[in-house]
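In case you want the letters, here they are:
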Amino acid sequence: MNRKEFLKVTTAASIASLLSPLSAYAETFSTTGKKIKVAVIGCGSVSNSYFPHISKCPYIDIVACCDIKPDRAQKAASTYNIPKWYKNIEEMLSGSKFDLMLTLTDMQVHGKLNRIALEAGRNVWSEKPLANSYKEGKELYDMAKAKGLRIWGAPAVVNSPQFAFMAREINKGTLGNIASAHGHYGHEGPTWSAFFYEPLGGSMPDLGVYNIATITGLLGPAKSVVAMTSIVTPERTVDDKGKIKVREEDNAMIIMEHEKGVLSHIECGFNYFDPYGHLGKGQEKATISLYGSHGNMHMVGYDWAPNGVDLSTMDHPVLQRFVPDTNGYVWQEGASDISKHMALNTEPRINVEHALHVLEIIEAARKSQATGQRIQLVSKFPWPMVK
């Protein structure tokens, strides 16, 4: 899929998803009249999904946008009635007052930009990953705390009602003693930019991040990681640079050890043909599965766009479908959700400690591939995420 095709389907999907979900979102929460002033850095492909959502959010006032390709920032400002647009982050920080910066750029510069925003006294919502290493991410988190600021990182998969249902069933002991979990997510690889295939890009921070967030969110922090990664397609042709050498993994297998002997496995890559396409619309197969001594449970569809949960237990061995409705959840809601909680002074389910744990797992997977060793983890996050 090329960039033009991707933008066409994602923009159409974003607009369609907003017709009912965002109206439901607005009706569910009564606004206090306070709006969070938001500035967006990065007006490329992912912003085409973000802008329609945040522009309709009752808790957000978009005051500025920025892109190193000024025509993209200017176009976004014109399309969404944004008062000011800028060519770089320094101009935006000095030229506009805002509460929250949304970082939607190439992933390799997330950490640098997030640091600049925090140093300037701004809160941050960052697309994944929020930094290029666990060390860098932890430094950003510590800086934010020291300055009385907040930083959060995508993905927002823990917000879906399907995730909440599965978490509650685990809490109730429906599956008995959980033994294992499996997640998979892949497609044929983006063609619109080289950064996906350059160092610190790769399939894990782009795709595997969703399954890692979902499975650790359900099972709790991982204690250790064993992984193998590879490059299946050594050369690619992309829109912005033509033919390039692939320099980061496009194929990954990750095994995580959790508490109480639970093991989970995630596979992700840029070489997965899927007849349902990048958006997975109409996908009826599970991408997240959990197995226990008394039952098994499966999230239908991609975990960032789930269609339901199938559950089978000893008491009811025939699979039953639960939670077929997303109730307004969409993957691009993270910044809107964070803004709502900032406005209402409440705490979101999404938390930075979880994002940092996911980042450490990705880094550990690469270290495991390089050394052939099991890598012990140090990070934790508040769990269970759903009471």
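Residues numbered from 1 in each chain as written. Predicted model: local features only at pLDDT ≥ 70, side-chain atom pairs only at ≥ 80, totals over all residues. Heavy atoms only, no water.

S.K.: Explain the overall build of the protein here, please?
M.R.: The number of helices and strands found in the protein is 11 helices and 17 strands. The C-alpha atoms of the protein give 20 Å as radius of gyration, which agrees with the globular expectation for 387 residues (21 Å, within 12%). Taken along the three principal axes of its C-alpha coordinates, the protein extends 60 × 50 × 45 Å. Within the protein, the fraction of its 387 residues that count as buried is 57%. Of the contacts made within the protein by residues no fewer than 6 positions apart, 70% connect residues no fewer than 24 positions apart. Of the roughly 16,400 Å² of accessible surface on the protein, 54% is carried by carbon and sulfur atoms. Across the protein, 41 positive and 39 negative side-chain charges occur, with their mean positions spaced 4 Å apart. (Helix = DSSP H or I, 4+ residues; strand = E, 2+ residues; numbered from the N terminus. Rg over C-alpha atoms; globule rule 2.2 N^0.38 Å. Buried < 20%, exposed > 50% of the residue type's maximum accessible area, 1.4 Å probe, protein only. Contact = heavy atoms within 4.5 Å. Areas by Shrake-Rupley, 256 points an atom, 1.4 Å probe, with all protein chains shown as cover. Lys, Arg positive; Asp, Glu negative; His and termini not counted. Charge placed at Lys NZ, Arg CZ, Asp CG, Glu CD.)

S.K.: Just to check I follow, could you spell out the layout of surface pockets for this structure?
M.R.: If a probe the size of a water molecule is rolled over the atoms, the empty space left behind becomes visible. Taken as a whole, the largest pocket spans an internal volume of roughly 1,100 Å³. Leu104, Thr105, Asp106, Met107 and Phe195 are, among the 48 residues lining the largest pocket, the residues nearest its centre. Those elements giving two or more residues to the lining of the largest pocket turn out to be helix H1 (3–19), helix H5 (89–95), helix H6 (110–119) and helix H9 (203–219). Top contributing element to the lining of the largest pocket by residue count: H6, with four residues. Counted by class, the lining of the largest pocket contains 23 nonpolar, 12 polar and 13 charged residues. (1 Å grid on protein atoms, 1.4 Å probe; cavity = no way out; pocket = protein on both sides within 12 Å on 5 of 7 lines; lining within 4 Å. Points joined across faces, edges and corners; volume = space filled by probe spheres on them. Nonpolar A, V, L, I, M, F, W, Y, C, P; charged D, E, K, R; others polar.)

S.K.: I'm lost on the pairing of strand E1 (residues 36–41) in this one. Help?
M.R.: A regular strand places its side chains so that they alternate between the two faces of the sheet. In terms of burial, E1 is a largely internal element, five of the six residues being buried. Note: E1 against strand E2 (residues 60–66), six bridges, orientation parallel. By the bridge assignment for E2, Lys37 is matched with Asp61. Where the polypeptide runs from E1 across helix H3 (residues 47–54) and back to E2, its parallel neighbour, the crossover connection is right-handed. In terms of strand pairing, E1 meets strand E4 (residues 100–103) through four bridges, oriented parallel. The partner of Ala39 across the bridge, within E4, is Met101. (Pairing = 2+ DSSP bridges. Right-handed = clockwise from strand over helix to strand, strands pointing away.)

S.K.: Mind showing me how you'd approach unusual backbone geometry here?
M.R.: Negative phi characterises most residues that are not glycine, and trans characterises most peptide bonds. Omega for the bond connecting Lys128 with Pro129 falls within 30 degrees of zero, at -10°, which places this linkage in the cis form. Along the chain, Pro129 turns up in the loop between strand E5 (123–126) and helix H7 (134–146). In the segment running from Trp383 into Pro384, the intervening peptide bond is cis, with an omega of 5°. With respect to the helices, strands and loops of the structure, Pro384 is situated in the segment after strand E17 (375–376).

S.K.: Explain the packing of H6 against H7 here, please?
M.R.: Angle between the axes and distance between the axes are the two parameters that describe a pair of packed helices. Contact geometry of H6 with H7 gives a least axis separation of 10 Å together with a crossing angle of 10°. One element, H6, and the other, H7, form an angle in the roughly parallel class. Of the two possible hands of crossing, H6 and H7 adopt the one that is left-handed. Contact with H6, carried on its side by Gly111, Lys112, Asn114, Arg115, Leu118 and Glu119, involves Glu136, Glu139, Leu140, Met143 and Ala144 of H7 and no other residues of that element. Its residues assigned to classes, the contact of H6 with H7 comprises four nonpolar, two polar and five charged. (Axes fitted to C-alpha atoms, helices over the stretch in contact; angles between N-to-C directions. Parallel < 35°, antiparallel > 145°, perpendicular 65-115°, else oblique. Left-handed = near helix turned anticlockwise from the far one by under 90°.)

S.K.: So what exactly am I meant to see when it comes to the sheet that holds E2 here?
M.R.: Sheet strands pair by backbone hydrogen bonding; their relative direction is either parallel or antiparallel. Taken in spatial order, the six strands line up as E3-E2-E1-E4-E5-E6 in an open sheet, and their pairing is parallel. The strands lining the two open edges of the sheet, one partner per strand, are strand E3 (84–86) and strand E6 (151–153). Taking the axes of each pair of neighbouring strands and ignoring which way they run, one obtains an average angle of 25° across the sheet. Packing of H6 onto the sheet brings it into contact with E1, E4, E5 and E6, and relative to E4 it is tilted by some 170°.

S.K.: Just checking my understanding: could you explain empty space enclosed by the protein for this structure?
M.R.: One pass over the full model with this rule turns up one cavity of 30 Å³ or more. Approximately 130 Å³ is the volume attributed to the largest cavity. Along the walls of the largest cavity sit 17 residues, with Gly153, Ala154, Pro155, Ala355 and Val358 positioned nearest its centre. Sorting the residues of the lining of the largest cavity by element identifies H9 and helix H11 (352–371) as the ones contributing at least two each. A per-element tally of the lining of the largest cavity places H11 first, with five residues. Residues of the lining of the largest cavity, tallied by class, amount to 13 nonpolar, three polar and one charged.

S.K.: Before we go on, may I ask you to explain the side chain of Asn123 in this structure?
M.R.: Among the structural elements, Asn123 can be located in strand E5. For Asn123, a relative accessible area of 13% gives the class buried. Within the structure, the side chain of Asn123 is placed 2.8 Å from the backbone nitrogen of Arg150, a separation counted as a polar contact. Ignoring anything within four residues of it in the chain, the contact list for Asn123 reads Asp99, Leu100, Met101, Leu149, Arg150 and Met342. (Polar contact = N/O pair within 3.5 Å; in protein donor to acceptor, adjacent residues only side chain to side chain.)

S.K.: Looking at this model, I keep getting lost on H7. Mind explaining?
M.R.: In an α-helix, one turn spans 3.6 residues, which is why side chains three or four residues apart end up on the same side. Helix length check: H7 (13 residues) gives 18 Å between terminal C-alpha atoms against 18 Å at 1.5 Å per residue, within 8%. For H7, every residue scored as buried is listed here: Tyr134, Glu136, Gly137, Leu140, Tyr141, Met143 and Ala144. Following H7 by one or two positions, Gly148 adopts a phi angle in the positive range, close to 70°. (Expected span 1.5 Å × (residues − 1).)

S.K.: Any chance you could explain the pattern of salt bridges here in plain terms?
M.R.: Close approach of charged atoms allows side chains with opposite charge to pair. What the rule picks out here adds up to 18 salt bridges. The salt bridge involving Lys135 is made with Glu139; its shortest N-O contact spans 2.7 Å. Of this pair, Lys135 and Glu139 both sit in helix H7, separated by four residues, roughly a single helical turn. For Lys135, a relative accessible area of 59% puts it in the exposed group. Ionic pairing is found between Asp310 and Arg321, a salt bridge with its closest N-O pair at 2.3 Å. Of this pair, Asp310 sits in strand E15 (residues 308–313) while Arg321 sits in strand E16 (residues 320–322); the two residues are 11 residues apart in sequence, bridging distant segments of the chain. For Asp310, a relative accessible area of 13% translates into the label buried. According to the relative accessible area criterion, Arg321 is partly exposed, its value standing at 38%. Bridged by salt links that share partners, the residues Arg115, Lys135 and Glu139 form one connected network. (Salt bridge = Lys/Arg side-chain N within 4 Å of Asp/Glu carboxyl O.)

So, to be careful, I would describe these as geometric facts and stop short of saying anything about function.
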